[in-house]
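Single-letter residue listing:
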Amino acid sequence: MDSNTTTLPKRVDALVTATVIGKEGAGKTQLCASLSGGKRPASNYLGATVEVEKYSTGELALLDTPGILLRSDTETTRLALAQLVGDPVVLIVVAADRLTTDLNDLLPLVAGKRGGIVVTWFDQVANQEKARERLHHLEKEIGVPVHAIDARRLPQERRRELLASLREPLRFQKQSLEEPFALDLAQRTRPSSRSKGSIATSLRLLAGVLLLLLPALATIFLANTIAGWLDPAVSSWITPVIDSINGSPLVPNIVKAPLSGEFGLLPMGPFLLVWAFPTVLLYALILGAYKASGLIEAINQYLEPICRPIGLTGRDVVRVMMGLGCNVPAVIATRACSRCTRQPTIQAIAFGAACSYQLPASLSVFVAAGSPWLALVFLGYLAFSTFTYLWLTKPRAAPSDLTIINVGPSVHLCWPSPQAIGWEARSTIRQFVTQAMPVFFVICVAAAYLASSGVLAMVSRWLEPAMALVRLPAEAALPVIMASIRKDGIFLLTDSVATNQMTPLQALVGVFLAGSLLPCIVTVMTIARETNWSACARLLCRQAAAAVGFTLILAWGGALLVAALG
């Protein structure tokens, strides 16, 4: 978010405040960024804006609202409509290829209010001179200025005209158009995703599944390759330092434990450089490219048919995919989901979206076990268990017709610019540096002191029967507990794996249990804030029970399979 943007729960007072409304994908956020002089590229997928954001032009304040879906029950639509209470100045934003439909839906919402209309994607309109003449007649009919622009490239003259019209706004005179009004496009920029025929449907489903899996698979492959280059160099540098500290009589044990002990910063710290940061960076860049290009919306539409059996839609699966970067913004993004599917979507994120902190920790454990290919088995079993979990817990009532929002208009597919990819990835990387790294250090220090003081051994003895149920050694208890606070805690399993206390199968079981038993504490707090503590508690109980059940199947079923093959 730009420095001149602020998240607002309600309308704010300013010298002149204009509320910007429109359907999803109309270009509201890009318009606000262009008017305010910001360089923020808008996300190229439907439902990207999930809260009201303020932009300042220096002369007035613009309130960018989430896309309005009149035949839906989304939280984002409620937030947008709440900004129309009273007598605000309203700027309606409509896409050139949906002008009649969008205006007939939105004009009744602004009856008697003051404001104007912006027609975006005007650069795609054929015969623009004739189109401007028709828009001039539309302007007279409705009674407010109508501005035809390309929100991505807004000339200063057009910007000044638009801002001037908002400083002295006129009142809307019509609540609908007297006759259909269409602008001819030079090219079809929003191709329909609804092709006929079973072959076309199957191809779209296949493309959707491949696009969904590609970020995780590409990240695992590239991160493993980068780690192969970095690990020897880092190990050759850090190992002598650890040996020197451990062998020095001048360093007290109270310092050795958190610095060079079993779970100390020096043995565990390289994980951040070798595994975590490359994985977080790669996934953030790939997901940024998906968002900026519109591919993430293609997944929405391609996967729609196969999501219904588990109570989700393609739109919901896109939010789950976002959770592979970080669960917290993904849970917030579910505001754009139907009320019928929001809770199952949050469940899917909490249970099955292995975030970009969990993924490198899991991969490092499998590498320590000498079986990096287990990462693919892990992702496959995680997908299977998530699908089954959602199917078993889906509401018995049929989904509401309001979920029709999930098969809405396509977005514009385009090549993502480096600036757009960087913008999408920047917040993830900043969060990793400012939040994940400090918390990881705290986990290492806490684990080191627990181990050196004997507390870890005592807790392990207490939990040994529970670990034995899933065929894990007692040493796996600490990583499971730590992973319930932060998913980075899974990395603590590497010590048991590297010292041959755990087999590759046990490494797989331990990673799955630690990753799925409970969401991290920050995600828990976000879920409680977005829903309520009672609903959050029920979700946690269901998830813990499901995780234990699927872990038992994996542990004992895997043992039988290994015995049969061996």
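Anyway, here's the lowdown on the structure attached to this text. Predicted model, so just to flag it, every value in this text is computed and none were measured.

Secondary structure summary: the protein contains 23 helices and 8 strands in total. When each of the 566 residues of the protein is scored for burial, the buried share is 55%. The long-range fraction of contacts in the protein, counting pairs at least 24 apart against all pairs at least 6 apart in sequence, stands at 79%. Counting every atom, the protein has about 24,500 Å² of accessible surface; 63% of that belongs to carbon and sulfur.

A few words on the pairing of strand β6 (residues 114-120). In terms of burial, β6 is largely enclosed, as 6 of its 7 residues are buried. The pairing of strand β5 (residues 89-95) with β6 spans 7 bridges and is parallel. Pairing of Val93 across the sheet is with Val118, part of β6. One crossover worth recording links β5 to the parallel β6 by way of helix α3 (residues 99-106), and it is right-handed. Judged from the 2 bridges that link them, β6 and strand β8 (residues 170-171) form a sheet pairing that is antiparallel. Within β8, the residue paired with Gly115 across the bridge is Leu170. In this structure, β6 lies alongside strand β7 (residues 146-148), joined through 3 bridges in parallel fashion.

This brings us to the side chain of Glu24. One can find Glu24 in the loop between β2 (17-22) and α1 (28-36). Given the relative accessible area of 8%, Glu24 is considered buried. Of note is the side chain of Glu24, whose polar atom sits 2.3 Å from the side chain of Arg315. Beyond its immediate chain neighbours, meaning those up to four positions away, Glu24 contacts Leu46, Gly47, Gly67, Ile68, Leu69, Arg98 and Arg315.

This part takes up a nonpolar patch on the surface. On the surface, Val209, Leu213, Leu217, Ile306 and Leu376 cluster together into a nonpolar patch covering about 390 Å² of accessible area. Among the elements that line the nonpolar patch, the one with the most residues is helix α6 (residues 198-247), at 3 residues. Tracing the backbone shows Val209 in helix α6.

By size, the foremost hydrophobic cluster in this structure holds 67 residues, and its most contacted members are Phe263, Phe271, Phe378, Leu472, Ile490, Leu492 and Phe512. Once residues within four sequence positions are removed from consideration, Ile490 is found in contact with Gln358, Ala361, Ser362, Val365, Ala483, Val511, Ala514 and Gly515. The next biggest cluster of nonpolar side chains, apart from the first, holds 33 residues, and it includes Met321, Ala330, Leu390 and Cys536.

With that settled, consider the pattern of salt bridges. Enumeration over the complete set of coordinates arrives at 13 salt bridges. The salt bridge partner of Lys23 is Asp105, with a shortest N-O separation of 2.9 Å. You can see Lys23 sitting in the loop between β2 and α1 and its partner Asp105 sitting in helix α3, a full 82 residues away along the chain. Residue Asp105 is classed as buried on the basis of its relative accessible area, which comes to 15%.

Moving on to unusual backbone geometry. Of note in this structure, Trp121 is not a glycine but carries a positive phi near 60 degrees. Positive phi, close to 60 degrees, is recorded for Arg471, a residue that is not glycine. Looking at where Arg471 falls in the secondary structure, it is placed in the loop between α18 (455-469) and α19 (477-483).

Once that is clear, we can look at the packing of α1 against helix α5 (residues 156-167). In the contact formed by α1 and α5, the axes pass within 10 Å of each other and the chain directions differ by 100 degrees. Between α1 and α5, the interaxial angle falls into the category roughly perpendicular. Contact residues: α1 offers Leu31, Ser34 and Leu35, while α5 offers Arg159, Leu162 and Leu163. In the contact of α1 with α5, the residues fall into 4 nonpolar, 1 polar and 1 charged.

This brings us to the environment of Trp423. Mapped onto the secondary structure, Trp423 falls in helix α17 (residues 418-453). Judged by its relative accessible area of 15%, Trp423 is buried. Linking Trp423 and Leu285, residues 138 residues apart in sequence, is a C-alpha distance of 9.4 Å.

Before going further, it helps to examine the pairing of strand β4 (residues 61-64). Alternating residues of β4 divide into Ala61 and Leu63 and Leu62 and Asp64, and every residue in both groups is buried. Pairing of β2 with β4 involves 4 bridges; the strand directions are parallel. Each residue of the ladder has a partner; that of Thr17, found in β4, is Ala61. Judged from the 4 bridges that link them, strand β3 (residues 52-56) and β4 form a sheet pairing that is antiparallel. Pairing of Lys54 across the sheet is with Leu63, part of β4.

Side chains of residues three or four places apart in an α-helix project in the same direction, reflecting 3.6 residues per turn. Residues Thr523, Val524, Thr526, Ile527, Ala528 and Glu530 constitute the buried set of helix α22 (residues 521-530). For α22, the elements touching its buried residues are α13 (327-333), α14 (339-352) and α23 (533-565).

Before going further, it helps to spend a moment on the packing of aromatic side chains. Centre-to-centre distance and the angle between the planes together describe a pair of aromatic rings. All told, the structure shown has 6 aromatic pairs when counted by the stated rule. For the ring pair Phe351 and Tyr389, a centre distance of 4.8 Å and an interplane angle of 35 degrees mean the geometry is tilted. With a gap of 38 residues between them, Phe351 in helix α14 and Tyr389 in helix α16 (residues 374-393) connect regions that are remote in the sequence. The burial state of Phe351 is the same as that of Tyr389; both residues are buried. The rings of Phe351, Tyr381, Phe384, Tyr389, Phe512 and Phe550 are connected pair by pair, giving a single aromatic cluster. Geometry around Trp556 places Arg471 over its ring, the cationic atom sitting 4.8 Å from the centre.

Scoring rules and cut-offs
- Residues numbered from 1 in each chain as written.
- Predicted model: local features only at pLDDT ≥ 70, side-chain atom pairs only at ≥ 80, totals over all residues.
- Heavy atoms only, no water.
- Helix = DSSP H or I, 4+ residues; strand = E, 2+ residues; numbered from the N terminus.
- Buried < 20%, exposed > 50% of the residue type's maximum accessible area, 1.4 Å probe, protein only.
- Contact = heavy atoms within 4.5 Å.
- Areas by Shrake-Rupley, 256 points an atom, 1.4 Å probe, with all protein chains shown as cover.
- Pairing = 2+ DSSP bridges.
- Right-handed = clockwise from strand over helix to strand, strands pointing away.
- Polar contact = N/O pair within 3.5 Å; in protein donor to acceptor, adjacent residues only side chain to side chain.
- Patch = residues over 30% accessible without salt bridge, like charges linked within 9 Å, V, L, I, M, F, W, Y side chains within 5 Å.
- Salt bridge = Lys/Arg side-chain N within 4 Å of Asp/Glu carboxyl O.
- Core = buried A, V, L, I, M, F, W, Y, C linked by side-chain atoms within 4.5 Å.
- Axes fitted to C-alpha atoms, helices over the stretch in contact; angles between N-to-C directions.
- Parallel < 35°, antiparallel > 145°, perpendicular 65-115°, else oblique.
- Nonpolar A, V, L, I, M, F, W, Y, C, P; charged D, E, K, R; others polar.
- Phe/Tyr/Trp six-rings, centres within 6.5 Å; stacked < 30°, edge-to-face > 60°.
- Lys NZ or Arg CZ within 6 Å of the ring centre and 35° of its normal.

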